[in-house]
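A look at the structure
Chain residues, written in single-letter form:
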Amino acid sequence: MTETPLSLFNSLTRAIEPFTPVHAGEARVYTCGPTVYNYPHIGNMRAYVFADILGRTLSFKGLSLTHIINITDVGHLTDDADDGEDKMEKMAAEKAQSIWDIAQHYTQAYWADVEALNIRQPAKWSIATDYIEEMIEFAKSIADKHCYECATGLYFDVTTVEDYGRLARAVTEDGEGRIDTVEGKRNAADFAIWRKTPDGEKRQMEWDSPWGKGAPGWHLECSVMGEKLLGFPFDIHTGGIDHREIHHPNEIAQNQAFCGCASGHGGLSEARNSGANIWMHNNFLVERSGKMSKSSGEFLRLQLLMDKGYHPLAYRMMCLQAHYRSELEFSWEGLEAALTRLKRMVMAAQRLADAPSQPVAEHPKFAAPMAKFEAAMNDDLGTPSALTAIEDALAVKKVDAGIKRAVIEHMDSVLGLGLFDLTREALRIRPKDAAIDEAAIEDALTRRKAARAEKDFAASDAIRDELVAHGVDVMDGDPMGWEWKL
Ligand code: AMP
Ligand code: ZN
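Reference entry: report on the structure contained in this document. (Residues numbered from 1 in each chain as written. Chains lettered and ligands numbered in written order. Predicted model: local features only at pLDDT ≥ 70, side-chain atom pairs only at ≥ 80, totals over all residues. Heavy atoms only, no water.)

Concerning the site of ligand 1
Put simply, the rule is: By convention in these notes, a residue is near a molecule or strand provided one of its non-hydrogen atoms lies within 4 Å of it. Under this definition, polar contacts are N or O atom pairs within 3.5 Å; protein pairs additionally need one hydrogen-donor-capable and one acceptor-capable atom, and for neighbouring residues in sequence, both atoms have to be side-chain atoms. Here, Shrake-Rupley sampling with a 1.4 Å probe gives the accessible areas, and only protein chains in the shown set may cover a residue. The secondary structure listing takes helices from DSSP runs of H or I that are at least 4 residues long and strands from runs of E that are at least 2 residues long, numbered from the N terminus. Basically, the charged four are Asp, Glu, Lys and Arg, the nonpolar ten are Ala, Val, Leu, Ile, Met, Phe, Trp, Tyr, Cys and Pro, and anything else, Gly included, counts as polar.
Residues in close proximity to ligand 1 total 18 residues, the closest being Thr35, Gly43, Gly240, Asp242 and Leu285. The separation between an oxygen atom of ligand 1 and a polar main-chain atom of Gly240 is 3.0 Å. Within the contact set of ligand 1, a nitrogen atom lies 3.3 Å away from a side-chain nitrogen or oxygen of Asn282. Taking 490 Å² as the accessible area of ligand 1 by itself, protein coverage stands at 93%. Taken together, the elements giving at least two residues each to the shell around ligand 1 come down to α1 (42–60) and β10 (234–240). In terms of residue count, α1 provides more of the shell around ligand 1 than any other element does, 4 residues in total. For the shell around ligand 1, a count of residues per class yields 6 nonpolar, 11 polar and 1 charged.

Structure follows, in structure tokens:
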């Protein structure tokens, strides 16, 4: 994997390009993190599974990875353009809690999902409100040439940078699709750098600035933390595909402005000063009944999947079965199929559990699966094909178990399914509200086994009927080894 080049789809050029690090031997990646005003839904988590696969692949290629994921605890309005209320302020008011408590609670909840999905820890979780001073400094450096003040704050004039909106391929002349309700804006696509607190009001989160008391515009934080923590240009910037339309074009405009004003970055506001060389976007997870919407009451959180009895890594498997640039439709049937596939792999891996792990060695029997795996990942992170390569490797027969284990571990270090940490039992579907607990089921099954061993079929049938009455499906001889299911 270290020899063949990695190619990635760059949203800026809409083309697959070979990856060449800015700094030899290193990869610096910035991922737009969650706005912590509510629980993440599983669609949000798809964005982080994707960023994790990218990071693991870069590490696998032998690059030293610096990955930053931010936590947005200020500035994101209910509309991605400059309309609506601050999401954090709104939730805090609804719950009558402080914004800081809201942020704390939902950041912890997000981190729990990150852990449950085997998403590796980034080098740093950068918290937006820790960078307010730096945001003000950044804004000051571009204000004269690129910004103007109006009643509601400091705005960025998108006509002051070359080729604004090329990432979105937006028609910027008439600002199609943009919100134009802010009075005093010069162009529809102009956006807030600093939002002044209206006279006579007090916000929970506000800071002094040269443009009055207020809070930063949402796009500013990612430009600033990217520049501070990774330096311009860094290698890769990621986010969900919705960010290709407003958030990232605006970040890019700020970055161009900053590079134009700062020394050492070449010409004034040139389009090539995008801040990052490659911009990558995962497509959406969609769901037909509207359960993805956070305003729909019981929305699709990872915890809901777990409450219904699904192991969270079944959802990771579901994500990997689709290419990150394809839309993925969520369904419970699809989740169960992903769980079954994961279970099959785990059962095959468990047969190697006693083999001592060893450094991965070249072995002719694994040459084809390894080549397939590497080609798949090198080709813009082709996880669907990489999964079949793992299955091919697991199916190789009459080979030393230790070598086989090493090959599977090697591949799984990229896909992160934790095949050797999971067990068949851990993958059972066990809903939270099940009428019977697992110990009771296991106990009944042990008694049934004993009855059958003694050829007491009446007793064995009675135990089975009792289990069925409690909603337990006893699956004798099931090749998947479910044994029972609720
Ligand atoms: P937010 O917390 O709204 O800023 O979103 C966090 C991340 O999730 C961003 O990268 C979004 O682009 C991404 N995202 C939002 N909705 C979905 C979805 N349905 N499927 C995949 N990614 C999503
Ligand atoms: Zn961002």
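Digging into the nonpolar core
We apply this condition: To qualify as a nonpolar core, a set must consist of buried Ala, Val, Leu, Ile, Met, Phe, Trp, Tyr and Cys residues joined through side-chain atoms within 4.5 Å. Exposure is judged per residue with a 1.4 Å probe applied to protein chains only, and the accessible area is read against the type maximum: over 50% gives exposed, under 20% gives buried, and values in between give partly exposed. Each domain span listed reflects an automatic or database assignment of domains. Should any heavy atoms of two residues lie within 4.5 Å, those residues are counted as being in contact.
Phe156, Tyr315, Phe373 and Leu381 are the most contacted members of the largest nonpolar core, which totals 132 residues. Tallying contributions element by element places α1 first for this core, with 10 residues. Split by domain, this core shows at least three residues from each of two domains, domain 1 (7–286) and domain 2 (308–314 + 331–425). Excluding residues that lie within four positions of it along the chain, Leu381 makes contacts with Leu6, Leu8, Phe50, Ile53, Leu54, Thr57, Met280, His323, Tyr324 and Ala376. Counting 9 residues, the second largest nonpolar core, distinct from the first, contains Ile436, Leu467, Val472 and Val474.

What to know about the sheet that holds strand β11 (residues 276–282)
For clarity, the threshold we go by: Pairing between strands is defined by DSSP: at least two bridges between them are needed. Lines fitted to the C-alpha atoms define the axes, with helices restricted to the stretch that makes contact. Angles between their N-to-C directions range from 0 to 180 degrees.
In space, the 5 strands of this open sheet follow the order β5-β4-β3-β10-β11, with parallel pairing throughout. Every interior strand has two partners, whereas the edge strands, β5 (124–127) and β11, have only one. Taken over all neighbouring pairs, the strand axes of this sheet differ in orientation by 25° on average, direction set aside. Here strand β3 (residues 26–31) pairs with strand β4 (residues 64–71) via 6 bridges, running parallel. Bridge pairing in β4 links Tyr30 to Ile68. The sheet contacts of α1 involve β3, β4, β10 and β11, and relative to β11 the element is tilted by about 135°.

Examining the environment of His323
Mapped onto the fold, His323 is located in the loop between α8 (312–320) and β13 (328–329). For the pair His323 and Asn283, spaced 40 residues apart in sequence, the C-alpha to C-alpha distance is 8.8 Å. Ignoring sequence-local partners within four residues, the contact set of His323 consists of Arg46, Asp380, Leu381, Gly382 and Pro384.

Concerning the coordination of the zinc ion (ligand 2)
The following threshold applies: Excluding water, the donors of a metal are its N, O and S neighbours within 2.8 Å, or within 3.2 Å for Na, K and Ca, and that exclusion means sites may look incomplete.
For the zinc ion (ligand 2), the protein coordination sphere consists of Cys32 (SG), Cys222 (SG) and His247 (NE2), at 2.0 to 2.2 Å. In the primary structure, the donors to the zinc ion (ligand 2) are separated according to the pattern C-x189-C-x24-H. Here Cys32, found in the loop between β3 and α1, pairs with His247, found in helix α6 (residues 247–261); they are 215 residues apart in sequence, far enough to count as distant. By relative accessible area, which is 1% here, His247 ends up buried.

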